[in-house]
Amino acid sequence: MMAVDPTIAAAGDVVQFFKALSDETRLSIVRRLTLTDLRVGELVAELCAPANVVSYHLKQLRAIGILRDQRSSADGRDVYYGVDVARLTSLYAAAGLLLTPVLGDGSHDNSNDCFRQRRPRLLYLCTHNSARSQLAEAITRHVGGEQIEVVSAGSTPTSVHPLTRAVLAEIGVDTNGLTAKALDSQVIQPFDCVVTVCDRIREICPVFPADPMLIHWSIPDPAAVTDPTAQHEAFRQVRDDLLTRARLLVSVVQSGYPSSNGMGNA
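Structure report, in brief. (Residues numbered from 1 in each chain as written. Predicted model: local features only at pLDDT ≥ 70, side-chain atom pairs only at ≥ 80, totals over all residues. Heavy atoms only, no water.)

Turning next to the overall build of the chain. When helices and strands are tallied, the chain shows 10 helices and 7 strands. Each of the 266 residues in the chain was classed as buried or not, and the buried ones make up 45%. For the chain, long-range pairs separated by at least 24 residues make up 69% of all intrachain contacts whose partners lie at least 6 apart in sequence. For the chain, the computed accessible surface area is about 13,100 Å², with 53% contributed by carbon and sulfur atoms. (Helix = DSSP H or I, 4+ residues; strand = E, 2+ residues; numbered from the N terminus. Buried < 20%, exposed > 50% of the residue type's maximum accessible area, 1.4 Å probe, protein only. Contact = heavy atoms within 4.5 Å. Areas by Shrake-Rupley, 256 points an atom, 1.4 Å probe, with all protein chains shown as cover.)

What follows is the structure in structure tokens.
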């Protein structure tokens, strides 16, 4: 998503952005959906609000373009909602520029973020551990560097899809060491954060020790696309989506963001 031009946003987008987030319920929805994708019923339960009220607020957030939806691959009757982080970020930056240029540079001082005594540990899960979770693992390692430990696994692992390596190489992400791993080999390990990137694996995700933050990203399987040209583009789209999500997640995990603070266990 391209950055919002503040000269245009002043007349429209940013004004609507402020109006939308001035409502406490909508702000709560955005906070919950920034890191994890949720279904309407789960939002209803977390917000303790009627379904029609939640649906109304989702409609208002969709109107300003900061929500996206993805029909569940586990149950086609369900729809997962999530925040378009790139759109949210661009609106936030544009809002800062409109108020004062100093607020719009997106800078953040991480000098006090090194309070952890060890590297945070992340686990990505999907069914075959061939595409989505492997992309997420490599991208997160690329973004987080030595400051974070990341691994991926699958409930029925196969092998790393060739296009997984290809689209990562396109953006200079190292693919050395990527191998398909079984979920069983990881369930006894303590993690700070467990992210399911497949709707099916979310339904059977086991309990992990140490009460990690649980996050779900409803991402379509690019390997399921049959046309070769369309499949390559699908892998690129998933890669770019995961790059945006991983940058935010790494920042949150490194800062020690607690799972009980509205971003939490999905």
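Here helix 7 (residues 132–144) crosses helix 8 (residues 162–170) at 30°, and the two axes come no closer than 10 Å. Judged on the interaxial angle alone, helix 8 and helix 7 are roughly parallel. For the pair helix 7 and helix 8, the crossing hand works out as right-handed. Only T164, V167 and L168 of helix 8 make contact with helix 7, whose side of the interface consists of Q134, L135, A138 and I139. Of the residues in the contact of helix 7 with helix 8, the class split is 5 nonpolar, 2 polar and no charged. (Axes fitted to C-alpha atoms, helices over the stretch in contact; angles between N-to-C directions. Parallel < 35°, antiparallel > 145°, perpendicular 65-115°, else oblique. Left-handed = near helix turned anticlockwise from the far one by under 90°. Nonpolar A, V, L, I, M, F, W, Y, C, P; charged D, E, K, R; others polar.)

What follows is about the nonpolar core. By size, the foremost hydrophobic cluster in this structure holds 43 residues, and its most contacted members are Y124, W217 and L249. For this core, the secondary-structure elements that each account for two or more residues are strand 4 (121–126), helix 7, strand 5 (149–154), helix 8, strand 6 (193–196), strand 7 (213–216) and helix 10 (228–254). When residues of this core are assigned to their parent elements, the largest contribution, 9 residues, is made by helix 10. Residues V14, L21, A49 and V54 belong to the second largest nonpolar core, which totals 24 residues. (Core = buried A, V, L, I, M, F, W, Y, C linked by side-chain atoms within 4.5 Å.)

To continue, consider the pattern of salt bridges. Summed over all chains, the structure comprises 19 salt bridges. Across the pair E137 and K181 runs a salt bridge whose closest N-O atoms are separated by 3.4 Å. Residue E137 is located in helix 7, and its partner K181 is located in the loop between helix 8 and strand 6; the two are separated by 44 residues in the primary sequence. On the basis of relative accessible area, E137 is assigned to the buried category, the value being 3%. Its salt-bridge partner being E233, residue R236 comes within 3.7 Å of it at the nearest N-O pair. With R236 and E233 both in helix 10 and 3 residues apart, this pair spans about one turn of that helix. (Salt bridge = Lys/Arg side-chain N within 4 Å of Asp/Glu carboxyl O.)

Our focus in this paragraph is the sheet that holds strand 7. The strand order 5-4-6-7 describes an open sheet built from 4 strands, whose pairing is parallel. Lying at the two open borders of the sheet, with one neighbouring strand each, are strand 5 and strand 7. Geometrically, the sheet is characterised by an average inter-axis angle of 20° between neighbouring strands, direction not taken into account. This element, helix 7, spans strand 4 and strand 5 of the sheet and lies at about 175° to strand 5. Against the sheet, helix 10 contacts strand 4, strand 6 and strand 7, and its axis sits at roughly 145° relative to strand 4. (Pairing = 2+ DSSP bridges.)

Before going further, it helps to examine the packing of aromatic side chains. All told, the structure shown has 3 aromatic pairs when counted by the stated rule. Taken together, a centroid distance of 5.9 Å and an interplanar angle of 45° make the contact between Y124 and W217 tilted. With Y124 in strand 4 and W217 in the loop between strand 7 and helix 10, the pair connects residues that are 93 residues apart, well separated along the chain. For the residue pair Y124 and W217, the accessibility class agrees, reading buried in each case. The ring of F191 carries the charged tip of R121 above its face, separated from the ring centre by 4.4 Å. (Phe/Tyr/Trp six-rings, centres within 6.5 Å; stacked < 30°, edge-to-face > 60°. Lys NZ or Arg CZ within 6 Å of the ring centre and 35° of its normal.)

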